[in-house]
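One letter stands for each residue in the lines below.
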Amino acid sequence: MTSLTEGSAPELVDVEERSRRRRLAFEKWGKWVLPVLVIGLGILAWHLVVTLNGIPHYILPGPVLVFETLVKDWALLLDALLITLQITLMALAIAVIGGVGLAVLFTQSRLVEMSFYPYAVILQVTPIVSIAPLIFIYVDNKMAGLLICAWIVAFFPVLSNTTLGLNSADHNLRDLFRIYGATRWQRLRYLQLPSALPYFLGGLRIAGGLALIGSVVAEYVAGTGGVGSGLAFTILEASYRLNIPRMFAALLLIAATGVVIYAGLSFLSYMLLHKWHESAIRREV
Amino acid sequence: MTPPTTGQRPELMSVNRVGKVFGGATVALQDMSLTVRQGDFISLLGPSGCGKSTALRLMSGLSLPTSGAIRWAVPQEPGALGVVFQEPTLMPWATVEQNVWLPMRLRGASLSSVRGEISETLRLVGLDGFQRAYPRELSGGMKMRVSIARALVTRPKLILMDEPFAALDEITRFKLNNDLLTLQAELGCTVVFVTHSVFESVFLSDRIVVMAARPGRVLRELAVDAPYPRDESFRTSAEYAALCREASAALHDAMGEAA
Ligand SMILES: Nc1ncnc2c1ncn2[C@@H]1O[C@H](COP(=O)(O)OP(=O)(O)O)[C@@H](O)[C@H]1O
Ligand SMILES: [Mg+2]
């Protein structure tokens, strides 16, 4: 029997296949080039609006001035960035430990879950801006206050996603573990935690962004003065001085931090899942 | 087909007038009695909802009978029982080798100490060389083979299989039926196999338990007298066709009675 696709036979590319390849190639570079193009055009438009209309810099600074400020104030901005980053990452770390720990506790004991889950929800649905002032009254250390605020915002997605994941372990696999006499710990370690990993990572990605939001919002509430002067504080202070370019520069850094956190967590998620989980597997077509 | 002969082989498990009621109202299984002897290949055959899965869960100890009792005639050490479900039920995050390792891992055996047994079992089910593959890289039939390897790796006395091949295409199913018989002969294990296919039950088993639904119960037990080994030539033989006709008639009789 002979086959058309065998060995040295010419490659068979039909119309559909050709258009599919064209689409793939387009998507491959379009994914990067198009957003860059959009931001480039946006910045250009911004620049033109500012210069053509002669808008004064204390109302709307142009992109060039913002960039110059970023360079000029770099030392100051970097200090602020590091503080914001530190609070965000520490809050995220505690959110992970607390969220996963609580989720494990919940799945190990229905009693604990029934008793405490409603309060985790209440903590989540109450806006952080309304809790933060109270926290800063009772917590003397400003850094600790900021951390608590960021943690409150960030921990819920980790908790709820991980709880969902731990409970989503395949029922037949659970039965199998029972038949083979697995201990509670073995079931957690070999079945529930791996089942929960994709859910946890989804929650972590959300929590990363929320931790940043939490730390920025808390800093606004905490106000000026004292230690722990992050990017939010920089924006606040610059606004008092009508230093609009610095406000933009700090804003730019906050946005960039958010993007970097999200990208980093997405990469982590890909590394951990790409071998087995549907969400991270590349498809041919 | 004749009524089953009893005696010859030693008893492994006895199911004695077992019933199971769910939610105080649904009679999933009523008054089931069955004696499983070592080396038996028993099929539970019946329409869906007749309590086949319930019977299997009771035998596996995953669920407790509402009435009656299930008794093992041999000491029931861990690993004496293997189970295969309708879905392959593999851990997607673990390789083939790690999946088959599971029953031994749960008993505290390290992978390196049992690697030989795992490889041997994978060879038996025809998956030699797939140790490092992930389940998603395998076809439905191959996943089911991994699932069977996992059930076999502890060399269990009894294997319970709940419609393991129902979701596979016919060609794959025939192949797995043949291989399952070869494995059973080679390992001398005892199998209780749930199916709703007359053809599958006749091909595989030496005894068929015909069941009916609402309430789930055993209607008849048939013995399939055709000798082992059975292979492709048996599947195409007139004898097989005749046996299938008989089993089919028994099932329809049974369902007629039930209606
Ligand atoms: N956990 C359960 N709770 C309530 N009803 C059940 C449960 N398991 C099975 N049943 C009922 O018991 C009957 C027999 O079910 P099952 O043993 O799964 O049948 P089969 O496997 O033969 O299709 C069905 O009517 C089913 O709805
Ligand atoms: Mg069933």
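Residues numbered from 1 in each chain as written. Chains lettered and ligands numbered in written order. Predicted model: local features only at pLDDT ≥ 70, side-chain atom pairs only at ≥ 80, totals over all residues. Heavy atoms only, no water.

## A few points about the interface of chain A and chain B
Working step 1: The interface is formed by 19 residues belonging to chain A together with 22 residues belonging to chain B.
Working step 2: A combined buried area of about 2,100 Å² lies between chain A and chain B, and 67% of that area is made up of carbon and sulfur atoms.
Working step 3: Across the contact surface, chain A and chain B share one salt bridge.
Working step 4: Mapped by element, the contributors of at least two residues to the side of chain A that touches chain B are α7 (171-179) and α8 (184-222) of chain A.
Working step 5: A total of seven residues in the side of chain A that touches chain B trace back to one element, the largest contributor, which is α7 of chain A. (Contact = heavy atoms within 4.5 Å. Buried area = accessible area lost by both parts, 1.4 Å probe. Salt bridge = Lys/Arg side-chain N within 4 Å of Asp/Glu carboxyl O. Helix = DSSP H or I, 4+ residues; strand = E, 2+ residues; numbered from the N terminus.)

## Details of the packing of aromatic side chains
Working step 1: Applying the stated rule across the entire model yields 11 aromatic pairs over all chains.
Working step 2: Centroid distance Trp46 of chain A to Phe248 of chain A: 5.7 Å. Interplanar angle 40°. Geometry classified as tilted. Pair noted here: Trp46 of chain A is in helix α1 (residues 15-53) and Phe248 of chain A is in helix α10 (residues 244-273), with a separation of 202 residues, a long-range link.
Working step 3: On the basis of an interplanar angle of 90° and a centroid distance of 6.1 Å, the ring pair of Phe203 of chain B and Tyr240 of chain B is categorised as edge-to-face. Of this pair, Phe203 of chain B sits in helix α6 (residues 198-204) while Tyr240 of chain B sits in helix α8 (residues 238-258), and the two are 37 residues apart along the sequence. With respect to burial, Phe203 of chain B and Tyr240 of chain B carry one shared label: buried.
Working step 4: Linked through ring pairs, Phe106, Tyr117 and Phe156 of chain A together constitute an aromatic cluster.
Working step 5: The ring of Phe233 of chain A is capped by Lys142 of chain A, whose NZ or CZ atom sits 5.8 Å from the centre of that ring.
Working step 6: A cation over an aromatic ring shows up here: Arg230 of chain B above the ring of Tyr228 of chain B, its NZ or CZ 4.0 Å from the ring centre. (Phe/Tyr/Trp six-rings, centres within 6.5 Å; stacked < 30°, edge-to-face > 60°. Buried < 20%, exposed > 50% of the residue type's maximum accessible area, 1.4 Å probe, protein only. Lys NZ or Arg CZ within 6 Å of the ring centre and 35° of its normal.)

## Quick look at the pairing of strand β1 (residues 11-22) of chain B
Residues and elements named next belong to chain B.
Working step 1: As paired strands, β1 and strand β2 (residues 26-37) are joined by eight bridges and run antiparallel to one another. Bridge pairing links Lys20 to Leu29 in β2.
Working step 2: In this structure, the hairpin formed by β1 and β2 is closed by a connection of three residues, where Gly23 is found at a positive phi of approximately 60°. (Pairing = 2+ DSSP bridges.)

## Observations regarding the confidence of the model for chain B
As a note on interpretation, predicted positions should not be read in detail where pLDDT is low.
Residue and element names in this part refer to chain B.
Working step 1: Per-residue confidence for chain B gives a mean pLDDT of 92, with 96% of residues at or over 70.
Working step 2: Element-level mean pLDDT values for chain B span from 85 in α8 up to 97 in helix α2 (residues 96-105).
Working step 3: Note on the complex model: pTM 0.88, ipTM 0.92. (pLDDT = per-residue confidence, 0-100.)

## A short note on the nonpolar core
Working step 1: Formed by 66 residues in total, the largest nonpolar core has its most connected members in Leu34, Val36, Leu44, Met59, Leu158 and Val192 of chain B.
Working step 2: Of the residues forming this core, the biggest block, nine residues, is contributed by α8 of chain A.
Working step 3: For Val36 of chain B, the residues in contact, after removing those within four places along its chain, are Glu11, Leu12, Met13, Ile42, Met59, Leu158, Thr190 and Val192 of chain B.
Working step 4: In terms of nonpolar packing, the next biggest core, distinct from the first, is built from 52 residues, Leu45, Ile118, Leu176 and Ala250 of chain B among them. (Core = buried A, V, L, I, M, F, W, Y, C linked by side-chain atoms within 4.5 Å.)

## Some thoughts on the site of ligand 1
Residue and element names in this part refer to chain B.
Working step 1: If you check the shell around ligand 1, you find Phe22, Ala28, Ser48, Gly49, Cys50, Gly51, Lys52, Ser53 and Thr54 and nothing else.
Working step 2: Take Cys50: an N or O atom from its main chain is 3.2 Å from an oxygen atom of ligand 1.
Working step 3: Between ligand 1 and Gly51 there is a distance of 3.1 Å, counted from an oxygen atom to a backbone nitrogen or oxygen.
Working step 4: A total of 560 Å² of accessible area belongs to ligand 1 in isolation, and the protein chains cover 58% of it.
Working step 5: With three residues, helix α1 (residues 52-60) is the single largest residue contributor to the shell around ligand 1. (Near = heavy atom within 4 Å. Polar contact = N/O pair within 3.5 Å; in protein donor to acceptor, adjacent residues only side chain to side chain. Areas by Shrake-Rupley, 256 points an atom, 1.4 Å probe, with all protein chains shown as cover.)

## Considering unusual backbone geometry
All names here are of chain B.
Working step 1: Looking along the chain, the bond that leaves Arg214 and enters Pro215 is cis, with omega of -10°.
Working step 2: Within the fold, Pro215 resides in the loop between β8 (207-212) and β9 (217-223).
Working step 3: For the bond running from Tyr228 to Pro229, omega is -5°, close enough to zero to count as cis.
Working step 4: Relative to the helices and strands, Pro229 is located in the loop between β9 and α7 (232-235).

## Considerations on α8 of chain A
Residue and element names in this part refer to chain A.
Working step 1: A rise of 1.5 Å per residue sets the reference length of α8, with its 39 residues, at 57 Å; its end C-alpha atoms lie only 44 Å apart and thus fall more than 12% short of the reference.
Working step 2: Maximum bend of α8: about 45°, positioned at Leu197, with proline Pro198 one to four residues after it.
Working step 3: Once α8 finishes, Gly223 follows within two positions and takes phi at roughly 80°, a positive value. (Expected span 1.5 Å × (residues − 1). Bend = angle between axes of the 7 residues up to and from the residue.)

## Considerations on the pattern of salt bridges
Residues and elements named next belong to chain B.
Working step 1: Inspection of every chain in the model, using the stated rule, returns 20 salt bridges over all chains.
Working step 2: Here Asp40 and Arg9 are joined by a salt bridge, their closest N and O atoms 2.6 Å apart. Of the two residues, Asp40 is situated in the loop between β2 and β3 (41-45) and Arg9 in the segment before β1; the sequence distance between them amounts to 31 residues.
Working step 3: Close ionic contact of Lys157 with Glu77 constitutes a salt bridge, the shortest N to O distance being 3.3 Å. With a gap of 80 residues between them, Lys157 in the loop between α4 (140-152) and β6 (158-162) and Glu77 in the loop between β4 (67-72) and β5 (81-84) connect regions that are remote in the sequence.
Working step 4: On the basis of relative accessibility, which here comes to 29%, the residue Lys157 falls in the partly exposed class.
Working step 5: Within the structure, one salt-bridge network assembled from shared partners comprises Arg9, Asp40, Asp206, Arg207 and Glu221.

## Structural notes on the packing of α2 of chain B against helix α3 (residues 111-124) of chain B
Residue and element names in this part refer to chain B.
Working step 1: Close contact between α2 and α3 brings their axes to 9 Å; oriented N to C, the two are set at 110°. Relative to α3, α2 is oriented roughly perpendicular. Both α2 and α3 take part in a crossing whose hand is right-handed. Contact residues: Val96, Glu97, Val100, Trp101 and Met104 in α2; Leu111, Val114, Arg115, Glu117, Ile118 and Leu122 in α3. (Axes fitted to C-alpha atoms, helices over the stretch in contact; angles between N-to-C directions. Parallel < 35°, antiparallel > 145°, perpendicular 65-115°, else oblique. Left-handed = near helix turned anticlockwise from the far one by under 90°.)

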